[in-house]
Every structure is written in structure tokens, then in C-alpha cells.
Amino acid sequence: MAFSRTGGPEVLHLVDLPTPTPGPGEILLRVAYAGVNYGEIQHRLGDFGEPAGETVTGLEAAGVVAAVGEGMVAAVGTGERVAADAGVADVRVGDRVAAYLPDGGGYAEYTVVPAAFAFPLPDALDLRSGGGAALVLTTAYGVLAGAARLAPSDTVLIHAAAGGVGGVAAQLARAGAGGAGGVRHGEHAGEGRVRLRRLRLRRGLRPGRLPGGRAGGDRRPWRRVVLDPVGGPTRLASLDVLAPFGRVAVYGEAARHPDLHLPVLPL
């Protein structure tokens, strides 16, 4: 599935291209499954730049290594100790891997992947699950553990929780991403539960007043985390539900609103 110009779904079309050859530090992946994310829509719309000829989309995939490029240590088995850099990967022909494809290519039978962006799948993870792991899971973990610095007793509000990253983020928050145990999650759920609901944010909502919060609108400064891939008015309203020292972690602009002018004084 490829496109040669940006635009709506109508620009996508099937195309017959030769099987690519992996270069130094690359592997050839025979794709079994590919993820379907908003990122593919952004790719098609031109958010990542104009296409150079026929461009295959698909930003994450899982499959079997069909060939390795020059300079790769193809005889090294998974789990063995190697000196690895971008040109040497702990993979061999026949290994099952998941791969992040920063330039696309997952919606093809074969695609070339930089070795540094591929990782072997453990036995507990099948190819179908691996097809949605390389981009979605790492993004969700990076947002929660890195950008949001999730901590014990944090409450997490996840916008667009039905999406790929949001769905995984809810699971990671429950498990305590980044080693944070006893994390409260959902909008303001009790221990061990995720509460999903449609929430209409409005300006002027104060800390402690989030629907489903503590009885009596407890205004104690419970730290909160908001994950926002939406932008626009949703992002602005998110500031009003933060407790002191709360964090809004931004990882997208799905609503495609103009950039915000953030009110710094209330913060």
C-alpha cells in the first residue's frame, strides 16, 4: 500500500515494487503483521514531509528476518553477548522480530529495516501482537515513564484512551510503568481498576473536581498526570484538572488545531 502524493485515503493504492536489498546495518523483514495507527494517516497527509516517488506507509511491523545486510553478524543467536552498534544486530536469518519503521514500509510483503530499530520477539509474544508493539508500546512507555515521570499515587487521565498508545498506556499505568507501584489510574479510579468514560472538559475545572474524584471534591494536592495526543482546546482544558506539580505529557496533535497560546500566569 503506497502513495506518491499527499491527501485523503484516495491517494493510497496498491503497487508492485521489487524486493528491496538490505544495505550495511540493515535487515530485510518479511512482514507478517503491521500496526495501524494515526501515524500512518499523518504520513499520508504529509506531516512527515512530501513523498519521494512511491512511498509505502506502515510505521511498525513484525515478521521474520529474510536477509541481513553487509557487516551484520548473521551467525549470532538471540541472547548471546555481542558488541552491538547500528551496524551489528543480535538477529539472524529466520529470527522473529518487531520493528519500528521511521520512514514507513510496513504495508509491504518485504521491507528493509535499520537493525537498530528492530528487536527479537520473546517466545511469549506472537507475531500478531508484535505487529503493534514496536511503535505503540515504546511510545506509551516513554510518555509515562520518561516525559510524565509517573510516580506512586499519581492519578492518570488519558485522552483518546481507545487509541493504540492510549490503550497500552492504561495497561502500563495500572502495572506501574517505570517501577512506580500502587499507581492509581483511569480518570481517578481506585486501586487496580481502569475507569473508561467520555469526559467533557471545560475551563474552570479545579484540582479535586475531576468527575469520579474523592468525595467532597477533596482539594489536597494529589499529583496527576494527563496524557494528551489531541491538542487544541482539549490540551488547554487539561491544565485546569492538574493538581499542583501535575504534568501534561504531550505526544501528538491528532485534532490538527492551530498552535496554542498557553496561559502561563495561572500555572
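Keep in mind that this is a model prediction, so the values were computed, not measured. (Residues numbered from 1 in each chain as written. Predicted model: local features only at pLDDT ≥ 70, side-chain atom pairs only at ≥ 80, totals over all residues. Heavy atoms only, no water.)

Brief notes about the packing of helix α3 (residues 136–147) against helix α4 (residues 164–175)
Rules: Axis definition: a line fitted to C-alpha atoms, over the contacting stretch in the case of helices. Angles run 0 to 180 degrees between N-to-C directions. Note on conventions: DSSP H or I runs of at least 4 residues are helices, E runs of at least 2 residues are strands, and numbering of each starts at the N terminus. Should an angle fall under 35 degrees it is taken as roughly parallel, and over 145 as roughly antiparallel, whereas 65 to 115 is taken as roughly perpendicular and any remaining angle as oblique. In a left-handed crossing the near helix is turned counterclockwise from the far helix by less than a right angle, and in a right-handed crossing that turn is clockwise. Note on contacts: a residue pair qualifies if any of its non-hydrogen atoms lie within 4.5 Å across the two residues. Side-chain classes are defined by residue name, with Ala, Val, Leu, Ile, Met, Phe, Trp, Tyr, Cys and Pro counting as nonpolar, Asp, Glu, Lys and Arg as charged, and the others, Gly among them, as polar.
Interhelical geometry of α3 versus α4 gives an angle of 55 degrees and a closest axis separation of 8 Å. It follows that α3 is oblique to α4 by the angle criterion. Relative to α4, the crossing made by α3 is right-handed. For the pair formed by α3 and α4, the contact residues are Val 136, Leu 137, Thr 139, Ala 140, Tyr 141 and Leu 144 on the first element and Gly 164, Val 165, Val 168, Ala 169, Leu 172 and Ala 173 on the second. Of the residues in the contact of α3 with α4, the class split is ten nonpolar, two polar and no charged.

Observations regarding α4
What counts here: One fewer than the residue count of a helix, multiplied by 1.5 Å, yields its expected span. Three labels apply to residues, based on accessible area from a 1.4 Å probe with only protein chains included: buried if under 20% of the type maximum, exposed if over 50%, partly exposed otherwise in between.
Taking 1.5 Å of rise per residue, twelve residues should cover 16 Å, and α4 covers 17 Å from first to last C-alpha, within 8% of that figure. Burial in α4 covers these residues: Val 165, Gly 166, Val 168, Ala 169, Ala 170, Leu 172 and Ala 173. Of the surrounding elements, those touching the buried residues of α4 are α3, β8 (155–158) and β9 (224–228). Just beyond α4, the residue with positive phi is Gly 176, at close to 90 degrees.

A look at the packing of aromatic side chains
Basically, it comes down to this: Pairs were defined over the aromatic rings of Phe, Tyr and Trp, the Trp ring being its six-membered one, requiring ring centres within 6.5 Å. Orientation was assigned from the angle between planes: stacked under 30 degrees, edge-to-face over 60, tilted for the rest.
Going through the model one piece at a time under the given rule, you end up with one aromatic pair. A ring pair is formed by Tyr 100 and Phe 117, whose centres lie 5.7 Å apart and whose planes are at 65 degrees; its orientation type is edge-to-face. Remark: Phe 117 occurs in the loop between β6 (110–114) and β7 (118–120) and Tyr 100 occurs in strand β5 (residues 96–100); sequence separation between them is 17 residues. Under the relative-accessibility criterion, Phe 117 is labelled partly exposed at 34%.

Some words on the sheet that holds β9
Going by this rule: We call two strands paired when DSSP finds no fewer than two bridges between them.
A sheet is described by the order of its strands in space; here three strands give the open sequence β8-β9-β10, paired in parallel fashion. On the outer flanks of this sheet lie β8 and β10 (247–250), each paired with one strand and no other. The average undirected angle you get between the axes of adjacent strands in this sheet is 20 degrees.

So, the sheet that holds strand β2 (residues 26–34)
Spatially, five strands are ordered β6-β2-β4-β5-β7 in an open sheet, and the strand pairing comes out antiparallel. At either end of the open sheet lies a strand with only one pairing partner, and these are β6 and β7. If you compare each strand with its neighbour and ignore which way they point, the axes differ by 45 degrees on average. Relative to β5, strand β4 (residues 60–68) runs antiparallel, the two sharing five bridges. Among the inter-strand pairings, Val 64 is bridged to a residue of β5, identified as Arg 96.

Focus: the nonpolar core
Taken as a class, soluble globular proteins show a tendency for nonpolar side chains to be buried jointly. Our working rule: As used in this record, nonpolar core signifies buried Ala, Val, Leu, Ile, Met, Phe, Trp, Tyr and Cys residues forming a set joined through side-chain atoms within 4.5 Å.
In terms of nonpolar packing, the biggest core is built from 17 residues, with Ala 140, Leu 144, Val 156, Ile 158, Ala 169, Val 225 and Leu 227 touching the most fellow members. At the level of elements, α3, β8, α4 and β9 are the ones that each hand at least two residues to this core. Looking at which element gives the most residues to this core, the answer is α4, with six residues. If you look at the next biggest cluster of nonpolar residues, it comprises eleven residues, including Val 65, Ala 99, Leu 101 and Ala 118.

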